[in-house]
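Observations on the three-dimensional arrangement
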Amino acid sequence: MTSGLAILAVDDEPRALTDIKRLLETSASVERVATATSAKEALVYLSGGRYDALFLDVAMPEIEGMALARLLRRFADPPAVVFLTGHPDAAVEAFEVQALDFLVKPVTRERLEAALGRVEQHVRGAEAAKTAPSGDGAESPAAGPDVVAVDNPKGGGKRLVRLETISFAQANGDYARIVCEDGRFLLRTPLSQLEKDWAATGFARVHRAYLVNLKHAVELRAQLNGTAVLIMRDDTEIPVARRNVAALRRRLHA
Amino acid sequence: MDHRTPGQSPDVPTVSVHFVNNVLAAAASYIEEDPDTARDVLAELGSFLSHRLRGPRTVSPAEELDHVGVYLRLEQARFPGRIEVELPTVSELPSTPVGAGEIQAPLSEAVSRWMGAHTGQVRVALRAREDALDLQLDRPDAPGEAGERLRIPWGLAAAGRVA
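Residues numbered from 1 in each chain as written. Chains lettered and ligands numbered in written order. Predicted model: local features only at pLDDT ≥ 70, side-chain atom pairs only at ≥ 80, totals over all residues. Heavy atoms only, no water.

Quick notes on the interface of chain A and chain B
Counted only if it meets this: Residue contacts are defined here by distance: any two heavy atoms, one from each residue, within 4.5 Å place the two residues in contact. Two parts placed together each lose some accessible area under a 1.4 Å probe, and the buried area is that loss summed for both. Think of a salt bridge as a Lys or Arg side-chain nitrogen and an Asp or Glu carboxyl oxygen that are within 4 Å of each other. Here a polar contact is recorded for every N or O atom pair within 3.5 Å, except that within protein the pair must consist of a potential hydrogen donor and a potential acceptor, and residues adjacent in sequence are included only if both atoms are side-chain atoms. Strands are runs of DSSP state E lasting at least 2 residues, helices are runs of H or I lasting at least 4, and numbering of each runs from the N terminus. Polar here means any residue outside two lists: the nonpolar Ala, Val, Leu, Ile, Met, Phe, Trp, Tyr, Cys and Pro, and the charged Asp, Glu, Lys and Arg; Gly therefore counts as polar.
Contacts between the two partners involve 18 residues from chain A, matched on the other side by 21 residues from chain B. Overall, the association of chain A and chain B removes approximately 1,600 Å² of surface from exposure, summing both partners, and the carbon and sulfur fraction of that is 55%. Among the residues of chain A in contact with chain B, Glu13, Arg15 and Pro61 of chain A are the three that bury the most area, contributing 38% of the side total. In this assembly, chain A and chain B are joined by 3 salt bridges. We note a salt bridge from Arg15 of chain A to Glu33 of chain B, for which the minimum N-O separation is 3.1 Å. Counting the contacts that link chain A with chain B gives 6 residue pairs in polar contact (both at pLDDT 80 or more). When residues of the side of chain A that touches chain B are assigned to their parent elements, the largest contribution, 6 residues, is made by helix α1 (residues 14-25) of chain A. Residue composition of the side of chain A that touches chain B, by class: 8 nonpolar, 3 polar and 7 charged.

Topic: the sheet that holds strand β6 (residues 148-153) of chain B
Residues and elements named next belong to chain B. Defined as follows: Pairing between strands is defined by DSSP: at least two bridges between the two strands are required. To get an axis, a line is fitted to the C-alpha atoms, and for a helix only the part in contact is used. The angle between two axes follows their N-to-C directions and goes from 0 to 180 degrees.
Taking strand neighbours across the sheet as the criterion, the 4 strands line up as β2-β4-β5-β6 in an open arrangement whose pairing is mixed. Both outer strands of the open sheet, β2 (83-86) and β6, are each paired with one neighbouring strand and no more. When the angles between neighbouring strand axes are averaged without regard to direction, this sheet yields 15 degrees. The sheet contact formed by strand β4 (residues 122-128) and strand β5 (residues 132-138) spans 6 bridges and is antiparallel.

A look at the confidence of the model for chain A
Detail in the predicted coordinates should be disregarded across regions flagged by low pLDDT. Residues and elements named next belong to chain A. Note the threshold: Per-residue confidence from the prediction method is given by pLDDT, with values spanning 0 to 100.
Residues of chain A with pLDDT of at least 70 account for 87%, and the chain-wide mean is 84. Looking across chain A, the model is least confident in helix α4 (residues 91-96), with a mean pLDDT of 67, and most confident in strand β1 (residues 5-10), with 96. Within the model, the stretch residues 135-143 combines pLDDT values under 50 with 20 contacts to residues more than four positions away or in other chains.

Structural notes on the pairing of β1 of chain A
Look at any regular strand and the pattern is simple: side chains alternate between the two faces of the sheet. Residue and element names in this part refer to chain A. Note the threshold: Note on classification: 1.4 Å probe, protein chains only; a residue is buried when its accessible area is under 20% of the maximum for its type, exposed when over 50%, partly exposed between these limits. Looking down the strands as they point away from you, a crossover is right-handed if its path from the first strand over the helix to the second goes clockwise.
Counting buried positions along β1 yields 6 of 6 residues, so the element is predominantly enclosed. Looking at chain direction, β1 and strand β2 (residues 30-36) are connected through 6 bridges and run parallel. When the sheet's bridge partners are listed, Ala9 is paired in β2 with Thr35. Of the crossover connections in this fold, the one passing from β1 over α1 to the parallel β2 is right-handed. Across 4 bridges, β1 lies against strand β3 (residues 53-57) in parallel orientation. Residue pairing across strands places Val10 opposite Leu56, the latter belonging to β3.

Topic: the pattern of salt bridges
In this structure the tally under the stated criterion is 22 salt bridges over all chains. For Glu13 of chain A, the salt bridge identified is with Arg78 of chain B, shortest N-O distance 2.3 Å. Placement of the pair is Glu13 of chain A in the loop between β1 and α1 and Arg78 of chain B in helix α3 (residues 61-78), with the two residues belonging to separate chains. Residue Arg78 of chain B is classed as buried on the basis of its relative accessible area, which comes to 5%. Residue Lys105 of chain A is joined to Asp57 of chain A by a salt bridge in which the shortest nitrogen-to-oxygen separation is 3.3 Å. Here Asp57 of chain A lies in strand β3 and Lys105 of chain A lies in the loop between β5 (101-104) and α5 (109-131), a separation of 48 residues in the sequence. Here Asp57 of chain A falls in the buried class, since its relative accessible area comes to 2%.

Points about the sheet that holds strand β15 (residues 237-240) of chain A
Residue and element names in this part refer to chain A. Taken in spatial order, the 3 strands line up as β13-β14-β15 in an open sheet, and their pairing is antiparallel. With one partner strand each, in any of the chains shown, β13 (217-222) and β15 form the two edges of the open sheet. Neighbouring strand axes in the sheet, compared pairwise and without regard to direction, differ in orientation by 25 degrees on average.

Here's the deal with the packing of helix α1 (residues 17-30) of chain B against α3 of chain B
Residue and element names in this part refer to chain B. The following threshold applies: Every angle not falling under 35 degrees, over 145, or within 65 to 115 is termed oblique; those three ranges are roughly parallel, roughly antiparallel and roughly perpendicular. If you view the pair so one helix is near and one far, a crossing is left-handed when the near helix is turned anticlockwise from the far one by less than a right angle, and right-handed when it is turned clockwise.
The contact between α1 and α3 brings their axes to 9 Å, and the two run at 55 degrees. Between α1 and α3, the interaxial angle falls into the category oblique. In this structure, α1 meets α3 at a crossing whose hand is left-handed. Two secondary-structure elements touch here, α1 through His18, Phe19, Asn22, Val23, Ala26 and Tyr30 and α3 through Tyr71, Leu74, Glu75, Ala77 and Arg78. Residues belonging to the contact of α1 with α3 are distributed by class as follows: 7 nonpolar, 2 polar and 2 charged.

Brief notes about unusual backbone geometry
All names here are of chain A. A cis amide bond links Lys105 with the next residue in sequence, Pro106, at an omega value of -10 degrees. Relative to the helices and strands, Pro106 resides in the loop between β5 and α5. Here the phi dihedral of Asp235 falls at roughly 75 degrees; this positive angle occurs in a residue that is not glycine. Mapped onto the elements of the fold, Asp235 is located in the loop between β14 (228-232) and β15.

The following block contains the structure:
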């Protein structure tokens, strides 16, 4: 990020759009603000220029904000998404689409600046990831989400789980089984995707079937056959594939 | 505290948090460029909430009609130039009391549904019948196009017929 942020604000309510535009324009971290009153118009803007983040209303006619956010995830280099809504209950769904933040209208200056701070961190991380040498298994500095929405077996709804409380994720077909301080949950995301999404938050793929939060690891125990076992805080033993042992040892000793 | 007395409505339709937050966002947007409008929007929101947060009770037809008018003016503040409104006069309404919010709540649901599904202008017409109100939503720029119609029974909650 060489200068201030470029933001595209999208809301079908013209007055709400005016309000967020004024707030964004008067923030020191923002250089440029464009506005769109529909998801279709937003896509036109995105096809014609680069934006660091979308401030996106959830409820809009024709294409809703959440649908646009899902569409953006297919982009090679998507802008960060910060949701705006009058519906506080939409937060869970927002985290499902990896939104960077979720603001309830009307937005306070303090809350907006916090969201912009996250956008700046995200942009800096993405730029560093582009310039950093790859292939050594080093942790990406890109900022990731700090919360994930998992299937809640009680009641069938969604439950928010903070990444820092997750000990490890285990592959389960196209799903991942999440083991955290609050229990075990299913997440409808393959482990390979979680590996990318959570790389910046201290997770490492130690085995084909295991993605581990290294902050929860307490011991790396070598095995005679060249593999290893990672001992977690709760004494769970996670197998470490032979090809991952050296890189993992370097990370733990770094 | 329970404000109910025998014969009063057992339920008060809930106020939409989404609506209140979006009205506040609209009010915030007017503060710098048009403070008088910002003040008016906040005053109308205060009136709206006062009508609905005073607990279950019946109100006069004039009070509920005024509440409907306040609600629609708040929607017009959110969406300037998009909403045309046609309301009956008090003398056209049934004379019996009605539950607070009993007419506004279904009207609000219909308007929200419409605004969430359509762009462009909408005409909101509420017409009095003997024991009900007919709500018609349509696009003034598309004559002949079928809009949305809803019959809102008058005074069901007030008469204790709605659980």
